[in-house]
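Close look at the chain arrangement
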Amino acid sequence: MARILQADVDEVKARTNIADIVGERVALKSAGVGSLKGLCPFHDERSPSFHVRPQVGYYHCFGCGESGDVYSFLRAMDHLSFTESVERLAGRIGYTLHYEDGGPAPETSGRTRLYQANTAAAEYFRSQLASPEAETGRRFLGERGFDAGAAAHFGIGYAPKGWNNMRDALRSQGFSDEELATAGLVSQGQRGVYDRFRGRVVWPIRDLTGQTIGFGARKLYDDDQGPKYLNTPETPIYKKAQVLYGLDLAKKDVSRSHRVVVVEGYTDVMACHLAGITTAIATCGTAFGSDHISVLRRVMGDDDASGEVIFTFDPDAAGQKAALRAFADEKRFAAQTYVAVAPDGLDPCDLRLNRGDGAVRALMDAKAPMFEFVIDQKLAGFDLGSVEGRVGALRAAAPIVAEIRDPSLRPGYTRVLARKLGMDLGEVTPAVERAARGSRASRDNASPPVEVQAAGAPETVRATIATLPASAAVSLERDALMGILQYGHTIDAAEVDAALALPMQHPALEAVRQAVLTQPDRTRVGWATAAVDATREPYRSLAAELLTSSFPALTEAEAKASAFALCRRLRLRAIDQEKAQLLGAVQRVPADSEEGRRVRVALRELDQRRRVLTEVG
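Residues numbered from 1 in each chain as written. Predicted model: local features only at pLDDT ≥ 70, side-chain atom pairs only at ≥ 80, totals over all residues. Heavy atoms only, no water.

Structural notes on the environment of Pro503
As a reminder, the rule being used: Working definition: helices are DSSP H or I runs of at least four residues, strands are E runs of at least two. Numbering for both runs from the N terminus. Only protein chains enter the accessibility calculation, which uses a 1.4 Å probe. A residue is then buried if its area is under 20% of the maximum for its type, exposed if over 50%, and partly exposed in between. What makes two residues a contact is simply this: any of their non-hydrogen atoms within 4.5 Å.
For Pro503, the location among the structural elements is in the loop between helix H21 (493–500) and helix H22 (507–517). Owing to a relative accessible area of 56%, Pro503 belongs among the exposed residues under this scheme. Each C-alpha atom of the pair Pro503 and Asp492 lies 20 Å from the other, and the pair is 11 residues apart in sequence. In this structure, Pro503 is in contact with Glu510, Arg513 and Arg573, ignoring residues within four places of it in sequence.

Spelled out as structure tokens, the structure:
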């Protein structure tokens, strides 16, 4: 396969803002001059340690150590090859790639073909919604309050009856049966390959970037023996435990408002959005779980208690069970969690249809705290009219109150529980405190995670900024290298060269300095990331942190001036060290000797060099 010309690889990277690519998956906020931060997409964390520096096109997580450029981000998040990641970004900016030996663009393969197949299928289904056969599908949507505009907004389509309609349409576009099967668009039967979706209304399921990765389909005809809802099976690009329907449309408002509404179905998402609740999302054929929470927290920027997560559940037994499952994971959110249950057991779609958009909005305003809802669910199973029932209910509900994260809320919910039980506060408070002690003891006794290391492998400790000693000398070297990596291309090259010629006293920082020296052309796009990559282990993470840390300055101009001053301070330090050595020599040699005269001349030259540096600086 022909390789993409390196010049094109560099050009695509230079034209792509890494913050735009990362920002499609992670809510980023300012972290100082030229730096952004958010919750890391590579590991689960409570507070943001993932930093992005758009100016140099680089990201680094101070928690798990993951780092790289826009290509490595796409490769890690979407499991693309390097070529596929370059081709995707080139297509995004409309750049025509060129290949070695003048060869044509190779046929894209693997995951890229799966994305293309799903996109083609989505377009096919959309076109079929206007066909005469799709009247049943259009009527289904209309009866639920969705017109043609709503269908177009959500990309809804129709899968016609028959076994090979979609397959034939996509095969005519060059897709093979193997590709269609891998994408989950066709199934294998005794008589061969056939369309997975037939005679159904079809919703495209998209990832955070808006690319179609699968489908959800609702049956329309009584002779359809399949399930009411049929989803794409697990594929290399469709993982139902990580997919949230509607998040591609909701993500901007979710990120801006730090609020998300979790509903139970595709039509509920549509109803909420059309009613003005544009932060609504739903799972796709699976229960809401920890992977969904991780995705939502990154998009929300969920690192404090100011956000809101609202769950809507049916009041029936299945809805109550779903609420309890959600409560089990509630502690993973920093945001406050709530439950909204519509009157008369109506879901958001039926509520909008029967009572209008305002009723949907009112449902969200009438939300109840998750803790209160779960307490009510626990108490519902006990006879509170008997002493035995109240005692059993207290034992069941006390652990719920004990697990409230905010200690200022716990006394209030203790009083709520006492009121609901009809018991004295003096009886309920000790039960909650005992439950809290039991929970803490359970956590304390839990076995800590053990990091397994290969037998015979040397133990390596990742060098980071936090592992550097807190001394003035090390702080100067650290800040100077940070300034050079981040702003070296804006500073006079001779000044930076003179600073880099001076060895660092700390070995970790010296390793970074040596790597920076391997990049003589600091005007080239990506030189700093190349310097990080050139840093030997275990110091590469330190180099990445120096590149992505928030530089101590209020403005870009201040940062550049500070980086220049730090380079100058390194040079002045070297002069002062040399002068100290010469002053020691003066004490050891006769003043009127030839060596004494040479030492005095050298001291005068050092003083002159210092004056020049301080005057110019």
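Here we look at helix H11 (residues 266–274)
With 8 of its 9 residues buried, H11 lies for the most part within the structure. The set of residues buried in H11 consists of Tyr266, Thr267, Asp268, Val269, Met270, Ala271, Cys272 and His273. Gly276 occupies a position one or two residues after H11 and carries a positive phi of about 100°.

Some thoughts on the sheet that holds strand S17 (residues 368–369)
Hydrogen bonds between backbone groups are what pair the strands of a sheet, and the pairing can be parallel or antiparallel. Spelled out, the test is: Each pair of strands is called paired provided DSSP finds at least two bridges between the two strands. Fitted lines through C-alpha atoms give the axes, limited to the stretch in contact for helices. The angle between two N-to-C directions lies from 0 to 180 degrees.
Strands sit in the order S12-S14-S13-S15-S16-S17 across an open sheet of 6 strands; the sheet is mixed. Pairing within the sheet leaves two strands with one partner each, and these edge strands are strand S12 (244–245) and S17. With respect to the sheet, helix H12 (residues 290–300) is in contact with S12, strand S13 (259–263), strand S14 (280–283) and strand S15 (308–312), its orientation differing from that of S13 by roughly 150°.

Side note on empty space enclosed by the protein
Worth spelling out the cut-off: Only protein atoms enter the 1 Å grid, on which a cavity is a set of points fitting a 1.4 Å probe that cannot get out and a pocket is an open set with protein on both sides within 12 Å along at least 5 of 7 lines, lining residues being those with an atom within 4 Å of a point. Grid points are joined across faces, edges and corners, and a volume is the space filled by probe spheres set on the points. Under the scheme applied here, ten amino acids are nonpolar (Ala, Val, Leu, Ile, Met, Phe, Trp, Tyr, Cys and Pro), four are charged (Asp, Glu, Lys and Arg), and all others, including Gly, are polar.
Under the defined criterion, the tally for this structure stands at 3 cavities of 30 Å³ or more. Its volume calculated, the largest cavity comes out at about 60 Å³. In this structure, the largest cavity is lined by 13 residues; those nearest its centre are Phe313, Asp314, Leu346, Asp347 and Pro348. Of the voids in this model, the second largest cavity is the one considered here, and its volume is about 40 Å³. Considering only residue class, the lining of the second largest cavity consists of 2 nonpolar, 2 polar and 4 charged.

Regarding the pattern of salt bridges
Once the charged atoms of two side chains with opposite charge are near each other, the side chains can pair. Quick note on the threshold: Criterion for a salt bridge: a side-chain nitrogen of Lys or Arg within 4 Å of a carboxyl oxygen of Asp or Glu.
Tallying each qualifying case throughout the model produces 31 salt bridges. Ionic pairing is found between Glu135 and Arg139, a salt bridge with its closest N-O pair at 3.8 Å. Of this pair, Glu135 and Arg139 both sit in helix H6 (residues 135–143), 4 residues apart, which is roughly one turn of that helix. With relative accessibility at 38%, the residue Glu135 sits in the partly exposed group. Of the residues examined, Arg139 reaches a relative accessible area of 41% and is grouped as partly exposed. Residues joined by salt bridges that share partners form a network here, namely Asp44, Arg297, Asp302 and Arg332.

Some thoughts on H6
Since one α-helical turn is 3.6 residues long, residues separated by three or four positions face the same way. Rule in force here: As used here, the arc is the angular range of directions from the helix axis to the C-beta atoms.
Residues of H6 that are buried: Gly137, Phe140 and Leu141. All buried residues of H6 project into a common sector of 95° when viewed along the axis, lining one side. Residues of H6 that are buried sit in contact with helix H7 (148–154), strand S9 (200–206) and strand S10 (212–219).

What to know about the side chain of His51
You can see His51 is positioned in strand S3 (residues 50–53). Look at His51 and you get buried, because its relative accessible area is 13%. Beyond its immediate stretch of four places on either side in the chain, His51 contacts Ala31, Ser35, Leu36, Lys37, Tyr58, Tyr59, His60, Phe62 and Thr548.

Re the layout of surface pockets
If you add up the space inside the largest pocket, you get close to 780 Å³. As for the largest pocket, its lining consists of 37 residues, and the residues nearest its centre are Glu264, Gly265, Thr283, Gly285 and Thr286. When residues of the lining of the largest pocket are traced back to their parent elements, those giving at least two are strand S11 (229–231), S13, H11, S15, helix H13 (317–329) and helix H14 (348–355). For the lining of the largest pocket, the element with the highest residue contribution is H13, accounting for 5 residues. Along the lines of polarity and charge, the residues of the lining of the largest pocket split into 16 nonpolar, 9 polar and 12 charged. Along its surface, the second largest pocket is lined by 27 residues, and Arg25, Met77, Gln242, Val295 and Arg298 are the ones closest to its centre. Where the lining of the second largest pocket is concerned, the elements lending two or more residues are helix H3 (70–78), helix H5 (111–128), helix H10 (247–257) and H12. A total of 5 residues in the lining of the second largest pocket trace back to one element, the largest contributor, which is H12. For the lining of the second largest pocket, the class distribution of residues is 15 nonpolar, 3 polar and 9 charged.

Let's talk about the packing of H22 against helix H24 (residues 540–548)
Each packed pair of helices is defined by two parameters, the angle between the axes and the distance between the axes. The test is simple: Geometric relationships in this document are graded by angle, where less than 35 degrees denotes roughly parallel, more than 145 denotes roughly antiparallel, 65 to 115 denotes roughly perpendicular, and other angles denote oblique.
Their axes nearest at 9 Å, the elements H22 and H24 cross at an angle of 75°. As far as their axial angle goes, H24 and H22 are roughly perpendicular. Facing Ala508, Leu509 and Val512 of H22, the residues of H24 in contact are Leu542, Ala543 and Leu546. Partitioning the contact of H22 with H24 into residue classes produces 6 nonpolar, no polar and no charged.

Some points on the pairing of S13
What counts is decided by this rule: By the criterion used throughout, a crossover qualifies as right-handed when its path from the first strand across the helix to the second strand runs clockwise, the strands pointing away from the viewer.
Among the 5 residues in S13, 5 count as buried, and that is most of the element. Here S13 shows no split at all, with Arg259, Val261 and Val263 on one side and Val260 and Val262 on the other all buried. Here 4 bridges tie S13 to S15, and the two strands are oriented parallel to one another. Note on S15: the bridge partner recorded for Val262 is Phe311. Sheet topology note: the S13/S14 ladder contains 3 bridges and is parallel. Each bridged residue has a counterpart across the sheet, and for Val263 the counterpart in S14 is Ala282. Regarding topology, H11 serves as the crossover connection from S13 to the parallel S14, and that connection is right-handed.

Brief notes about unusual backbone geometry
Across the chain, the bulk of peptide bonds are trans and the bulk of non-glycine residues have phi less than zero. Cis geometry is found at the peptide bond from Glu537 to Pro538, where omega equals 10°. Position of Pro538 relative to the elements: it lies in the loop between helix H23 (527–534) and H24. If you check the backbone angles, His79 has positive phi at about 55° while not being a glycine. Note that His79 resides in the loop between H3 and helix H4 (82–93). By relative accessible area, which is 52% here, His79 ends up exposed. For His258, which is not a glycine, the phi torsion comes out positive at approximately 55°. Inspection of the secondary structure assignment puts His258 in the loop between H10 and S13.

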